[in-house]
Amino acid sequence: METLRFDLTKETGRFKPLNATNGGPWHKRHEAEALASTFAAYRAAKIPYSRNHDSGVQSIYGGPYSHDISRIFPDFNADPEDPASYDFGCTDEDILVCLEAGTKPFFRLGETIERQVKKHATIPPKDFKKWAVICEHVIRHYREGWADGFHHDMEYWEIWNEPDLDLDDNPNKRTWGGSKADYFAFYETAARHLKKCFPEIKIGGPALAFRLDWAEDFLRCMSQKQAPLDFFTWHIYASEPEKIEEKAKKVKSLLVKYGYEHTESILNEWNYIRNFNDGYLYSMEQMRNIKGAAFAMATMSLAQNAPVDMLMYYDTRPSRFNGVFDFYTAKPLKGYYPFLWYGYFYDRKAQVEAVNEIETIYSLCGVDERGKALAVITCFSDQDKAEGKELFVDFGRPGRYEIYLLDDTHAGELVATTDRPELKMNMPGVALIREL
């Protein structure tokens, strides 16, 4: 049996917002009965932010009448100063559901990915400045009450999604139909206008798909033009949490290199994917079971001390990438518990780091105002024949503890109350230890 040690006297910082998601609760306030709602479970997990990218393809979020700028402002030739030019209804409803769940919207200003043969809204706007003015009024609607709107504290506004996904010479561009240079000009125009109108909000992008060479060109260009960039968003799908940590370090290095050292680094699409080729179907299966759950918890655990400011899991929409809720019943899957358990740490006054490291073990620990410990221990490896662990968790003093297990035979239930927290962990598996 190996020993994992925590020194509860050595407190570090607060816990970062690492259990945010793409896609909010599945819930319809206007219907008498919510036959398949995730609202209560989503709210219980204390999800801090929900990104609205790709929400417009799901009827639960308003379907094709919501979220994308081309849906909110359907006629680009219309007057952006006229409230009648806008259709906010379905987007309003989805945002209100999120807010009632205690979750702030993270608003992607742009368009849903288009995989169909003919592209429509992902073609760059014909007038970048007018597009920025349209977005200005969207923000005024949600923050300043314009057009029978609201006064919500929505601070994050992201400009577009994955403009680097396809090379400039690719005829089947799915996210940005223009060139790299076009996007750079587009971002600069929109960011300058919106930051001038709303200096108090956070403007950023570009929701990088994967190309760090593209990211470096973008940051170099924005730095030379002194364009505002309050946050930099990027994506990665991986099967090992260390790959995500490695990319976080590379992104942070680029931000520092080009003078954006105070810019937030936000990973706002991530999930378990071994690869997008022969491992794709395998990944879809694992995403929905204990391996995907343990990967998610291990990633959040590692990210707490990595150079990244927020994680946003992709996704909790009713989609193939959702490892949190069942598509048909909306009931929590095993992948729900890492998000629920991470939410418990928001009530802790400080993090406590592990004194030692153990191979294939990832951990988080925090203490509350009374000094009581809460720890989540994850046993994870993407190696198919990796074995589990037997652990004694040493908090450096006597105590009484509850132990909850999440593995192939347990779904987050209480398995022991003890004064000696010993764990026999399956691979993969997760345990929560709560001091009484």
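Above this note sits the structure.
Residues numbered from 1 in each chain as written. Predicted model: local features only at pLDDT ≥ 70, side-chain atom pairs only at ≥ 80, totals over all residues. Heavy atoms only, no water.

Caption draft 1: Summary view of the sheet that holds strand S16 (residues 422-425). The sheet built from nine strands is open, its strands ordered S15-S14-S17-S12-S11-S10-S1-S13-S16 with mixed pairing. With one partner strand each, in any of the chains shown, strand S15 (411-418) and S16 form the two edges of the open sheet. Mean inter-strand twist for the sheet, computed between neighbouring axes without regard to direction, equals 25°. One ladder, built from four bridges, connects strand S13 (residues 389-394) with S16; its direction is antiparallel. Within the sheet, the bridge partner assigned to Phe392 lies in S16 and is Glu422. (Pairing = 2+ DSSP bridges. Helix = DSSP H or I, 4+ residues; strand = E, 2+ residues; numbered from the N terminus. Axes fitted to C-alpha atoms, helices over the stretch in contact; angles between N-to-C directions.)

Caption draft 2: Focus on the sheet that holds strand S7 (residues 231-238). Read around the barrel, eight strands follow the order S2-S3-S4-S5-S6-S7-S8-S9 and close on themselves; strand pairing throughout is parallel. In this sheet, adjacent strand axes meet at a mean angle of 30° when their direction is disregarded. As judged from the two bridges shared by strand S8 (residues 264-272) and strand S9 (residues 310-313), these two strands associate in the parallel manner. Looking across to S9, one finds that Ile266 is bridged to Met310.

Caption draft 3: The pairing of strand S6 (residues 202-208), seen in detail. With six of seven residues buried, S6 lies mostly within the body of the structure. Read from strand S5 (residues 156-159) through helix H5 (residues 180-197) to S6, the crossover connection turns out right-handed. Pairing analysis gives three bridges linking S6 to S7, with the strands arranged parallel. Counted as the bridge partner of Gly205 is Phe232 from S7. As a crossover connection, the stretch from S6 through helix H6 (residues 212-225) into S7 is right-handed. (Buried < 20%, exposed > 50% of the residue type's maximum accessible area, 1.4 Å probe, protein only. Right-handed = clockwise from strand over helix to strand, strands pointing away.)

Caption draft 4: Up close: the packing of helix H7 (residues 241-257) against helix H9 (residues 290-303). Direction vectors running N to C along H7 and H9 enclose 35°, while the axes themselves pass 9 Å from each other. Both H7 and H9 take part in a crossing whose hand is right-handed. Contact residues: H7 offers Pro241, Glu242, Ile244 and Glu245, while H9 offers Phe295, Ala298, Thr299 and Leu302. For the contact of H7 with H9, the class distribution of residues is five nonpolar, one polar and two charged. (Left-handed = near helix turned anticlockwise from the far one by under 90°. Contact = heavy atoms within 4.5 Å. Nonpolar A, V, L, I, M, F, W, Y, C, P; charged D, E, K, R; others polar.)

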